[in-house]
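Notes for the structure review
Now for the letters of each chain:
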Amino acid sequence: MKKILLPVDGSKRSLRTVEAVKQLCDPAESDITIVKVVSAQLYINSMDEIKHNAEKAQPELDAGYQVKTQVLLGSAPGAEIVEYAKEEQIDMIIMTRSSRGPLRKLGSVATYIVRNASFLDVIVMREVGDE
């Protein structure tokens, strides 16, 4: 069983990873974890909203995939995701980049994960409209 991690922030952009999973991963051989990282204060103030955002992608994957959601507490999303991936022995991370600037570079979270998760495969999807 291949363990796949999908970091999401609730945005439409981040949920594009669901389509990549459907194209790349066999449901019978994939264990999917959808993860969202939040600060402790945000977690305390809006647990229902956080769970809702982390679970937005789940209905799209329910047909045959083993899917769970996880909320991680921390102020550094990249580091939290990499640490979780190590602890859970994740095989692959599929994520979208979150750059919004004119140079369209990787966002800080994607950059951190690519640099620090060399122990697994990382797929960073381009944004819609990128060439």
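In case you missed it, the structure is sitting above this.
This text gives an overview of the structure that appears in the document.

Quick notes on the rules
- Think of each chain on its own: its residues are numbered from 1, step by step along the sequence as written.
- Whole-chain, interface and lining totals are the exception, using all residues; otherwise, since this is a predicted model, local features are given only for residues with pLDDT of at least 70 and side-chain atom pairs are given and counted only at 80 or more.
- Hydrogens and water molecules were not included; the side-chain quantities draw on all heavy atoms of the structure.
- Pairing between strands requires that DSSP locate at least two bridges from one strand to the other.
- Secondary structure elements are taken from DSSP: a helix is a run of H or I of four residues or more, a strand is a run of E of two residues or more, and numbering for both begins at the N terminus.
- Interaxial angles span 0 to 180 degrees and are taken between N-to-C directions of axes, which are lines fitted to C-alpha atoms, for helices over the stretch in contact.
- We call two residues contacting when some pair of their heavy atoms lies within 4.5 Å.
- To sort residues, take the accessible area from a 1.4 Å probe on protein chains only and compare it with the maximum for the residue type: under 20% means buried, over 50% means exposed, and anything in between is partly exposed.
- Directions pointing from the helix axis toward each C-beta atom define the arc.
- Definitions used throughout: a 1 Å grid over protein atoms alone; a cavity as a set of points that fits a 1.4 Å probe which cannot get out; a pocket as an open set with protein on both sides within 12 Å along at least five of seven lines; a lining residue as one with an atom within 4 Å of a point.
- Grid points are joined across faces, edges and corners, and a volume is the space filled by probe spheres set on the points.
- Residue polarity follows a fixed list, in which Ala, Val, Leu, Ile, Met, Phe, Trp, Tyr, Cys and Pro are nonpolar, Asp, Glu, Lys and Arg are charged, and the others, Gly among them, are polar.
- In what follows, salt bridge is the name for a side-chain nitrogen of Lys or Arg lying within 4 Å of a carboxyl oxygen of Asp or Glu.

1. Re the sheet that holds strand S3 (residues 66-73)
Taken together, the 5 strands give an open sheet; going across it, the order is S3-S2-S1-S4-S5, and neighbouring strands pair in parallel fashion. Two strands lie at the open edges of the sheet, namely S3 and strand S5 (121-125), each paired on one side alone. Direction aside, neighbouring strands of the sheet carry axes that sit 20 degrees apart on average. Summarising the sheet, strand S2 (residues 30-38) and S3 pair through 8 bridges and their orientation is parallel. Note on S3: the bridge partner recorded for Val 37 is Leu 72. Here helix H1 (residues 17-24) sits on the sheet and contacts strand S1 (2-7), S2, strand S4 (92-96) and S5; the angle it forms with S4, its principal contact strand, is near 140 degrees.

2. Details of helix H5 (residues 77-87)
Residues of H5 that are buried include every one of Gly 78, Ile 81, Val 82, Tyr 84 and Ala 85, and no others. Buried residues of H5, seen end-on, are gathered within an arc of 160 degrees and therefore sit on one face of the element. On its buried side, H5 packs onto S1, S2, S3, S4 and helix H6 (108-116). Immediately beyond the C-terminal end of H5, within one or two residues, lies Gln 89, with a positive phi of roughly 55 degrees.

3. Topic: the environment of Ile 34
Note on placement: Ile 34 falls in strand S2. When the C-alpha atoms of Ile 34 and Gln 70 are compared, they prove to be 6.2 Å apart, with 36 residues separating the residues in sequence.

4. A closer look at H1
Note on helix geometry: an α-helix contains 3.6 residues per turn, so any two residues three or four positions apart are oriented the same way. All of the buried residues along H1 are Thr 17, Val 18, Ala 20 and Val 21. With its buried residues spanning 160 degrees around the axis, H1 presents them on a single face.

5. Some points on the layout of surface pockets
Each pocket or cavity is described by its volume, and for the largest pocket that value is around 250 Å³. Along its surface, the largest pocket is lined by 15 residues, and Pro 7, Val 8, Asp 9, Ile 81 and Val 109 are the ones closest to its centre. Listed by contribution, the elements that provide at least two residues to the lining of the largest pocket are S2, H5, S4 and H6. Looking at which element gives the most residues to the lining of the largest pocket, the answer is S2, with 3 residues. Looking at the lining of the largest pocket residue by residue, the classes come out as 9 nonpolar, 3 polar and 3 charged.

6. Looking at the pattern of salt bridges
Scanning all chains against the criterion turns up 2 salt bridges. Asp 9 is paired through a salt bridge with Arg 13; the nearest N and O atoms lie 2.9 Å apart. A relative accessible area of 36% means that Asp 9 is categorised as partly exposed. With a relative accessible area of 16%, Arg 13 lands in the buried category. Notably, a salt bridge pairs Glu 19 with Lys 22, separated by 4.0 Å at the nearest N-O pair. Here Glu 19 and its partner Lys 22 are both found in helix H1, 3 residues apart, which amounts to about one turn of the helix.

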